[in-house]
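Notes for the structure review
Okay, here's what each chain looks like letter by letter:
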Amino acid sequence: MAANERKTIDLEQGWEITQKGIMKLKNILEGLPETGISSEEYMMIYTTIYNMCTQKPPHDYSQQLYGKYRESFEEYIMSTVLPSLREKHDEFMLRELVKRWENHKSMVRWLSRFFYYLDRRFIARRSLPPLNEVGLTCFRRLVYQDLKVKVSDALISLIDKEREGEQIDRALLKNILDIFVEIGMGQMDYYENDFEAALLKDTAAYYSRKASGWISEDSFPDFMLKAEECLKREKDRVSHYLHSSSEPKLLEKVQHELWSECEAPLFVTWYSGYRDLLKDSEVENLSRMVRVFSKVLPFLDPLANIFKQHVTDEGTDLVKQAEDEADSRKVFVRKLIKLHDKYVAYVNERFQNHILLHKAFKEAFEALCNKGVGGSSIAELLATYCDDILKKGSGEKLGDEATEEMLEKVVKLLAYISDKDLFAEFYRKKLARRLLFDKSANDDHERSILTKLKQQCGGQFTSKMEGMVTDLTLAKENQTSFEEYLSNNTNANPGIDLTVTVLTTGFWPSYKSFDLNLPAEMVKCVEVFREFYQTKTKHRKLTWIYSLGTCNIIGKFEPKTMELIVTTYQASALLLFNSSDRLSYSEIMTQLNLTDDDVVRLLHSLSCAKYKILNKEPNTKTIAPTDHFEFNSKFTDKMRRIKIPLPPVDEKKKVIEDVDKDRRYAIDASIVRIMKSRKVLGHQQLVMECVEHLISRQLRKGLRT
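Attention in this report is confined to the structure presented alongside it. (Residues numbered from 1 in each chain as written. Predicted model: local features only at pLDDT ≥ 70, side-chain atom pairs only at ≥ 80, totals over all residues. Heavy atoms only, no water.)

1. Details of the overall build of the chain
Within the chain, the regular secondary structure consists of 26 helices and eight strands. Here the contacts in the chain between residues at least 6 apart in sequence split such that 71% fall between residues at least 24 apart. In the structure as shown, the chain presents an accessible area of about 37,300 Å², 50% of it carried by carbon and sulfur atoms. One finds the centroid of the 106 positive side-chain charges in the chain at a distance of 4 Å from the centroid of its 107 negative side-chain charges. (Helix = DSSP H or I, 4+ residues; strand = E, 2+ residues; numbered from the N terminus. Contact = heavy atoms within 4.5 Å. Areas by Shrake-Rupley, 256 points an atom, 1.4 Å probe, with all protein chains shown as cover. Lys, Arg positive; Asp, Glu negative; His and termini not counted. Charge placed at Lys NZ, Arg CZ, Asp CG, Glu CD.)

2. Side note on helix α14 (residues 329–350)
The terminal C-alpha atoms of α14, which comprises 22 residues, lie 30 Å apart, in line with the 32 Å expected from a rise of 1.5 Å per residue. Those residues of α14 that sit buried are Phe332, Val333, Leu336, Ile337, Leu339, His340, Tyr343, Tyr346 and Val347. For α14, the secondary structure elements touched by its buried residues are α12 (283–292), α13 (297–324), α15 (355–369), β1 (372–373), α16 (378–390) and α17 (400–414). After α14 finishes, the residue Gln352 shows a positive phi value of roughly 55°. (Expected span 1.5 Å × (residues − 1). Buried < 20%, exposed > 50% of the residue type's maximum accessible area, 1.4 Å probe, protein only.)

3. Notes on the sheet that holds strand β4 (residues 561–567)
Overall, mixed pairing links the three strands, which are arranged β3-β4-β8 in an open sheet. Whereas interior strands pair on both sides, the edge strands pair on one side only; in this sheet they are β3 (550–556) and β8 (641–643). Each adjacent strand pair in this sheet contributes to an overall mean axis angle of 25°, direction not counted. As judged from the seven bridges shared by β3 and β4, these two strands associate in the antiparallel manner. Bridge pairing in β4 places Cys551 opposite Val566. Across the sheet, helix α22 (residues 568–575) is in contact with β3 and β4; its angle to β4 comes to roughly 130°. (Pairing = 2+ DSSP bridges. Axes fitted to C-alpha atoms, helices over the stretch in contact; angles between N-to-C directions.)

4. Quick word on the side chain of Ser294
With respect to the element layout, Ser294 can be found in the loop between α12 and α13. Judged by relative accessible area, Ser294 falls into the buried class, the value being 14%. A distance of 3.4 Å separates polar atoms of two side chains, one belonging to Ser294 and the other to Gln255. Not counting the four nearest positions on each side in its chain, Ser294 is found in contact with Gln255, Met289, Leu300, Gln352 and His354. (Polar contact = N/O pair within 3.5 Å; in protein donor to acceptor, adjacent residues only side chain to side chain.)

5. Some thoughts on unusual backbone geometry
Of note, the bond from Pro57 into Pro58 is cis; its omega dihedral lies within 30 degrees of zero at 5°. Considering the arrangement of structural elements, one finds Pro58 in the loop between α2 (39–54) and α3 (62–86). Looking along the chain, the bond that leaves Glu617 and enters Pro618 is cis, with omega of 0°. With a phi angle near 55°, Ser127 is a residue other than glycine that sits in the positive phi range. Turning to its location among the elements, Ser127 is positioned in the loop between α5 (116–126) and α6 (131–163). Overall, Ser127 belongs to the exposed group, its relative accessible area being 67%. Notably, Asp438 is not glycine yet its phi reads approximately 55°, a positive angle.

Spatial relationships are all this shows, so hold off on functional conclusions.
Now the structure itself:
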């Protein structure tokens, strides 16, 4: 035999060495006088098992050692662990179980190290359960299955004592419940089936009894205070010793039991229904109810429906008030914002932002914000309210912070409106007037609301409005260039001071453009500016919008000379009287080349309104085609500078027409895109896809099938 050949170890000899180490470990775990396992002893046991597993057949004892590993646990459990547990009861049994479980895990760790080579080679090749799992399974099969009912009952008994106000050892409960979790080795089945199910059943019975007693002796507020305190304590139990997965099930069970007991007296003894609870004086009680019963659908479903109707009714009352009082449109928007703030606070703070109540509130405000108010849509009223806030000299005197806050609230209301494109067009019209006539009170606020609208509705929604703001900046630079051009070209003299605002057609609202027959003084101005503009670009066409122009002219009256601030139309009409003392309606219309409607408006403003610059014959308050007009040389006023307004045109109809036109174009474009990609499509499917495509642009209400 070779000198380095290893001596064969038979099973009995090898196991005797191993068993001595295992026995020493058991004595240590039982607290018997014993020295610890030294590194030499550990290496001897490990080497013995290694050699027994690596010997050539038939002396490879891997299979036998795997079996003896399991038998070591079984023998120790049956001879020592189970007897010590069975002789104890209640809390003493629980403490012993914690001790035995910790000892068992220590034994598993040590034996797994002794038999480590089995895990590395034998178990891996045979696909057998690993050593750690075998050790824990022995405890589960022999100890856990035998005692699980007694342990669960003891735990629940302690929890009920704590519910009644007694002090218990929470750390003990935590340690025992960790056993239920750990014994599942990654699965929660043992915790849920052997403990949690029994706990939930006991919890239901416990709170059913408690709630029945509270109802007979307490008022509703006192009942709810006790119910809320119970939920708080159950959450506290979860945080201290129950598994976190138990929290929603436990709270839901408590809530359902409390609700089933209090539902009947709630509407018979305490209140007559949910509407009573929605009163301002009772909302704190309702808030507590939502906190307590947030998982109970039989409570939340009817509450959500009543809450939705309650908000809708309050909003409808606001609409009726606004329709009855013609001058209260602005007041209506303020009240609508206040109503929204009130119930947003209800949902977010008092109702915990519960998804069901949030949905009810959203649906109520969507229905409200898409109603008409005295012939006007709320989209139009919001745009008008923004205009009141943002323009100079408005009645809304708000500070910077208050203005920002109010604009934020208006944009939030816009989220409920389906006709967002209608708001955009009304807002754009009013923004144009503020920008063109220098009526904006604060440029920062103008940019701020555009940012808010962009965040709410997307970049496409505000692209034209942002273009308008940019246009004004470029127009000012263009005017500076024009003034430099005039100073450098002495021949280019318009004769009067001229300011021209050049705009990009695509950004701005559409305006009527007439070939107004300008007076000679104005014609020269137009020609000079056109020549200047051609030096900058030859690829753009200038279209003059005289309806937006203003003029300062000097009126030489017999009492005194006065400065008149008028529109381009009004100035053109007045300048006609420099060459004629008396003109008829038809002569003025022919010489100015305007429509009947425009001539009536401007002549009314000059002869029938506050400032009668022209005398009309006959002297009536309406304009007729048979009227004649003369310059009123005797006109006077205490001011030396007056502004003569031109009656505004009602643009509502035009805005609605423009929006409908845009919607038709958008629908046509959507259909073309869909059919290009799909080639063949049924009518109903085409309508559905078209609607989906248009929803992102808030155009669904404009769709016609």
